[in-house]
Amino acid sequence: MAPSGSRSIKRSCQTVLYWIPVLFINLIVAWSYYAYVVQLCIESINNVGEKIVYLLAYHVIFILFTWAYWQTIFTKPMNPLKEFHLSHSDKEMLEREDRGESQQEVLRRMAKDLPIYTRTMSGAIRFCDRCQLVKPDRCHHCSVCDKCILKMDHHCPWVNNCVGFSNYKFFMLFLAYSLLYCLFITATDLQYFIKFWTVGGKTHDRLLEYLNGLPDTQAKFHIMFLFFAASMFSVSLASLFVYHCWLVFKNRSTLEAVRAPAFRHGADKNGFSLGLSKNFRQVFGDEMRYWLLPVFSSLGDGCSFPTCLVNQDPEQPTSPGHQPPPNKPVVGEGHQFPAKPLRESQSRLLNRAPSWTENGGAENKERQGTSNPAMVIENET
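Residues numbered from 1 in each chain as written. Predicted model: local features only at pLDDT ≥ 70, side-chain atom pairs only at ≥ 80, totals over all residues. Heavy atoms only, no water.

Trainee: Outline the overall build of the chain, supporting the account with residue identities and numerical values.
Mentor: Tallying secondary structure elements over the chain gives nine helices and ten strands in all. Across the 381 residues in the chain, those meeting the buried criterion constitute 47%. Looking at the chain alone, contacts between residues at least 24 apart form 68% of all its contacts between residues at least 6 apart. Of the accessible surface of the chain, which amounts to about 19500 Å², a share of 61% is contributed by carbon and sulfur atoms. (Helix = DSSP H or I, 4+ residues; strand = E, 2+ residues; numbered from the N terminus. Buried < 20%, exposed > 50% of the residue type's maximum accessible area, 1.4 Å probe, protein only. Contact = heavy atoms within 4.5 Å. Areas by Shrake-Rupley, 256 points an atom, 1.4 Å probe, with all protein chains shown as cover.)

Structure (structure tokens):
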């Protein structure tokens, strides 16, 4: 009981610590709202028209920013479906046998009917020993969440959540609207910030006449620190937003930018790239009306992704007319895994979004590989 109680206390302390960065951001945002709305717009701006325009524009940006932020925080990361998990009999076999050919055969048998084309750097099936599952493409185990996350990008402490397939669009919009929020505050606060600093060189007699635009000392200091905070956050957010825009148009995650995904033929950093337009639509969807809103519109199911590779994987079905066996796993509600690897030219990919499947059409059969390299179990974190 003692070790169990100790672990429970440790987890509780970790949970509290993980929420501290989120609490810090929320306090900063709450203070910025007070400083801008009350101290700047209501107390310091005398022109009624300017005040109304600033308040309306500010609240539109503020709502979009907070909406995207909360969506990023509270959208639960998607985990691999049950079809990727080992069955009870497979678990018993792995526990009973040494890490040899028997275990390799279990993973090989499981993976042959799954839409999996990436491998470890050694060419093995990607297997998570902690979650006891075969990892889907672009899936990684998060050591903080202690679970495998579909299309994991990174674990972000500022949202206390994993950024992955289910919330990557929200994260991108959060970066975009937070940057717009800071830039808007910086631009509209600039003239009053300059007025505050210009006053510093005035004599005491002229000072009282000059401060008509800034009614009290409290407002002046709020305006000054608001400008500094917004400017500094703008710089860091701009660099992060530009980097993730580059990742989106390259169709890479942060983890894939650090280490290129490995396929049967070797590592390929552009293996999932389909072209600028299709890469963008894979994250934001096909309908433009949803692009700027923090609502889920990404294409796909998170478990399988089309690639631009033309080399056929010999371990996967090769015929476009190949039908899965009667007991082939089904993804979600009525959604089947692709019946063939999505390995054609860019012009043929994503032609039926958002299902990422290819059906019909005549195509010559490709030859199958004659040998399978040895596979070993390799864990990733």
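Next comes the rest of the description.
Trainee: Help me get a handle on a nonpolar patch on the surface, residues and values and all.
Mentor: Side chains of Leu17, Tyr18, Trp19, Ile20, Trp70, Phe74 and Val144 sit close together on the surface and give an oily, nonpolar patch of about 670 Å² of accessible area. Listed by contribution, the elements that provide at least two residues to the nonpolar patch are α1 (2-42) and α2 (48-74). The biggest single contributor to the nonpolar patch is α1, with four residues. Mapped onto the elements, Trp19 comes out in helix α1. Of the residues examined, Trp19 reaches a relative accessible area of 34% and is grouped as partly exposed. (Patch = residues over 30% accessible without salt bridge, like charges linked within 9 Å, V, L, I, M, F, W, Y side chains within 5 Å. Salt bridge = Lys/Arg side-chain N within 4 Å of Asp/Glu carboxyl O.)

Trainee: Break down the environment of Phe305 for me, with residues and values.
Mentor: Along the chain, Phe305 turns up in the loop between α9 (276-284) and β9 (330-331). Take Phe305: its relative accessible area is 2%, and that puts it in the buried class. When the C-alpha atoms of Phe305 and Asp137 are compared, they prove to be 7.2 Å apart, with 168 residues separating the residues in sequence.

Trainee: Tell me about the nonpolar core, residues and numbers included.
Mentor: A general tendency of soluble globular proteins is for nonpolar side chains to be buried together. Formed by 44 residues in total, the largest nonpolar core has its most connected members in Tyr36, Tyr58 and Tyr168. Elements represented by at least two residues in this core include exactly α1, α2, α5 (168-198), α7 (217-250) and α9. Look past the residues within four positions of Tyr36 in its chain and what remains in contact with it is Cys41, Tyr54, Tyr58, Phe184, Ile185, Thr188 and Leu226. Counting 24 residues, the second-largest nonpolar core is a separate cluster that includes Leu86, Val106, Val134 and Phe305. (Core = buried A, V, L, I, M, F, W, Y, C linked by side-chain atoms within 4.5 Å.)

Trainee: Tell me about the UniProt feature "transmembrane region" (unreviewed entry) in the chain, residues and numbers included.
Mentor: Mapped onto the present numbering, the UniProt feature "transmembrane region" (unreviewed entry) falls on residues 16-36, 52-70, 170-194 and 221-249. Counting secondary structure, residues 16-36 comes out at 100% helix and 0% strand; the distance between its end C-alpha atoms is 30 Å. In this annotation, residues 221-249 is assigned 100% helix and 0% strand; the end-to-end C-alpha distance for the span is 42 Å. (UniProt positions renumbered as here; feature names shortened; annotations may be inferred.)

Trainee: Before we move on, could you go through unusual backbone geometry and cite the residues and values that matter?
Mentor: Backbone geometry at Arg138 places phi at a positive 70°, although glycine is not the residue there. Here Arg138 shows up in the loop between β2 (133-134) and β3 (140-142). Residue class for Arg138 comes out buried when judged on its relative accessible area of 3%. Within the chain, Asn160 stands out as a residue other than glycine whose phi angle is a positive 50°.

Trainee: Please give an account of the packing of aromatic side chains that cites residues and values.
Mentor: Here the structure, examined in full by the defined rule, presents 29 aromatic pairs. Judged by centre distance (6.5 Å) and plane angle (25°), the rings of Phe221 and Phe225 are stacked. One end of the pair is Phe221 and the other is Phe225, both in helix α7 and four residues apart, which spans about a single turn. Phe221 sits in the partly exposed class, given a relative accessible area of 41%. With centroids separated by 4.6 Å and ring planes inclined at 15°, the aromatic side chains of Phe280 and Phe284 adopt a geometry described as stacked. (Phe/Tyr/Trp six-rings, centres within 6.5 Å; stacked < 30°, edge-to-face > 60°.)

Trainee: Can you tell me about the confidence of the model for the chain, naming the residues and giving the values?
Mentor: Here the chain averages 79 in pLDDT, and 73% of its residues register 70 or above. By mean pLDDT, β9 is the weakest element of the chain at 36, and α2 is the strongest at 97. In this model residues 317-350 is a low-confidence stretch, pLDDT under 50, and it forms 87 contacts with partners more than four residues away in sequence or in other chains. Low pLDDT, under 50, characterises residues 352-381; the predicted model gives this stretch 73 contacts beyond four residues in sequence or across chains. (pLDDT = per-residue confidence, 0-100.)

Trainee: Go over the state of the cysteines, please, and point to the residues and values.
Mentor: Applying the stated criterion to the full structure yields zero disulfides. Not engaged in a disulfide, the cysteine Cys139 finds its nearest cysteine sulfur in Cys148; these two sulfurs lie 4.5 Å apart. (Disulfide = S-S within 2.5 Å.)

Trainee: An account of α9 is needed here, citing residue identities and associated values.
Mentor: Across the nine residues that make up α9, a large majority, seven, are buried. Taken residue by residue, α9 has Lys278, Asn279, Phe280, Arg281, Gln282, Val283 and Phe284 as its buried positions. Gly285 lies just past α9 and shows a positive phi near 95°.

Trainee: Could you give an account of the environment of Val242, with specific residues and numbers?
Mentor: In this fold, Val242 is placed in helix α7. Assessed through its relative accessible area of 55%, Val242 is described here as exposed. Separated by 67 residues in the primary sequence, Val242 and Leu175 have C-alpha atoms spaced 9.5 Å apart.

Trainee: Please set out the pattern of salt bridges residue by residue, giving values where relevant.
Mentor: Enumeration over the complete set of coordinates arrives at four salt bridges. The salt bridge partner of Arg138 is Glu256, with a shortest N-O separation of 2.9 Å. Of this pair, Arg138 sits in the loop between β2 and β3 while Glu256 sits in helix α8 (residues 254-258); the two residues are 118 residues apart in sequence, bridging distant segments of the chain. With respect to burial, Arg138 and Glu256 carry one shared label: buried. Between Glu287 and Arg289 there is a salt bridge; the shortest N-O distance is 2.8 Å. Using a relative accessible area of 39% as the deciding quantity, one classes Glu287 as partly exposed.

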